[in-house]
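Coordinate analysis (summary)
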Amino acid sequence: CDALAAAMVAATAVRHLGRSPAVHFGLLYAFAPLAIGWAQDARPYGMLMLFIACGMAGAMGLLATLGQHDADVQARQLARDRRLFGGGFALASMTMTGGTLSFAVTATLPFLLPRCRRDKAFLKRWRPALGFPATVALLSYMIVSRLHVLDKLDGYWPDRSAPFGVSSLVRLWAEIIS
């Protein structure tokens, strides 16, 4: 699966950046020590990276429509990019919790970038692409990840220390002033 992920990264780079950067990114991914280590592991990291690469290929295709009017965007290309984006991130979310996190970051990024926020035609194309993978990511988290975390409540530091809760802010403030 990791080799397929490297191929997907290279194919996406060819489409959006050209052949020379594609060879560079493909080789960089293929020979990255972390990717090689993950590929040797018994966990589904290679499969996760393949699905994230598919989702990112769709996201890059959608982002390539920035500044284009709806009439200029080819319907078949847009549908393909939406399927890649939705299917890739939906499968990534079902593979591991990291897929859900990568989808969340990718999905919110255009809303944080001023150029994307100003382009109403782009947002009109981006928002519908979020529905399916967001539903799958939420269900995957609620059905699988959340239950696993609750089962191992004593073993996970975020649940023990509640880093985003009011009590942790009170403890942090007390430690700072003491």
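Coordinates for the structure precede this section.
Residues numbered from 1 in each chain as written. Predicted model: local features only at pLDDT ≥ 70, side-chain atom pairs only at ≥ 80, totals over all residues. Heavy atoms only, no water.

Quick notes on the packing of aromatic side chains
- This structure, assessed with the given rule, holds five aromatic pairs.
- Here Phe85 and Phe89 contribute two aromatic rings whose centre-to-centre distance is 5.4 Å and whose plane-to-plane angle is 70 degrees, an arrangement assigned as edge-to-face. A residue pair is termed a helical-turn pair when its members lie 3 or 4 positions apart in one helix, as Phe85 and Phe89 do in helix 5 (residues 75-95) at four residues.
- Under the relative-accessibility criterion, Phe85 is labelled buried at 0%.
- On the accessibility criterion, Phe89 (0% relative accessible area) is buried.
- Joined through ring pairs, the aromatic side chains of Phe85, Phe89, Phe103, Phe122 and Trp126 make up one cluster. (Phe/Tyr/Trp six-rings, centres within 6.5 Å; stacked < 30°, edge-to-face > 60°. Helix = DSSP H or I, 4+ residues; strand = E, 2+ residues; numbered from the N terminus. Buried < 20%, exposed > 50% of the residue type's maximum accessible area, 1.4 Å probe, protein only.)

Quick notes on the packing of helix 4 (residues 45-63) against helix 6 (residues 97-112)
- Relative orientation of the contacting elements helix 4 and helix 6 amounts to 10 degrees, with a least axis distance of 10 Å. In terms of orientation, helix 4 lies roughly parallel with respect to helix 6. Residues Leu48, Ile52, Met56, Ala59 and Leu63 of helix 4 pack against Gly98, Gly99, Ser102, Thr106 and Pro110 of helix 6. (Axes fitted to C-alpha atoms, helices over the stretch in contact; angles between N-to-C directions. Parallel < 35°, antiparallel > 145°, perpendicular 65-115°, else oblique. Contact = heavy atoms within 4.5 Å.)

Quick look at the nonpolar core
- Judged by nonpolar contacts, the single largest core of 25 residues is most densely connected at Leu62, Phe85, Phe103, Phe122, Trp126 and Leu130.
- A per-element tally of this core places helix 4 first, with seven residues.
- Setting aside chain neighbours within four positions, we find Trp126 in contact with Ala59, Leu62, Phe85, Thr106, Ala107, Pro110 and Phe111. (Core = buried A, V, L, I, M, F, W, Y, C linked by side-chain atoms within 4.5 Å.)

Quick notes on helix 2 (residues 19-30)
- For helix 2, built from 12 residues, the straight-helix expectation of 16 Å at 1.5 Å per residue is met to within 8% by its first-to-last C-alpha distance of 16 Å.
- Among the residues of helix 2, those classed as buried are Ala22, Gly26 and Tyr29. Along the axis of helix 2, the buried residues cluster in a sector spanning 70 degrees; they form a single face. Exposed residues lying more than 90 degrees from the buried face of helix 2 are Ser20 and Leu28. (Expected span 1.5 Å × (residues − 1). Arc of directions from axis to C-beta.)

All we've got here are geometric facts, nothing functional implied.
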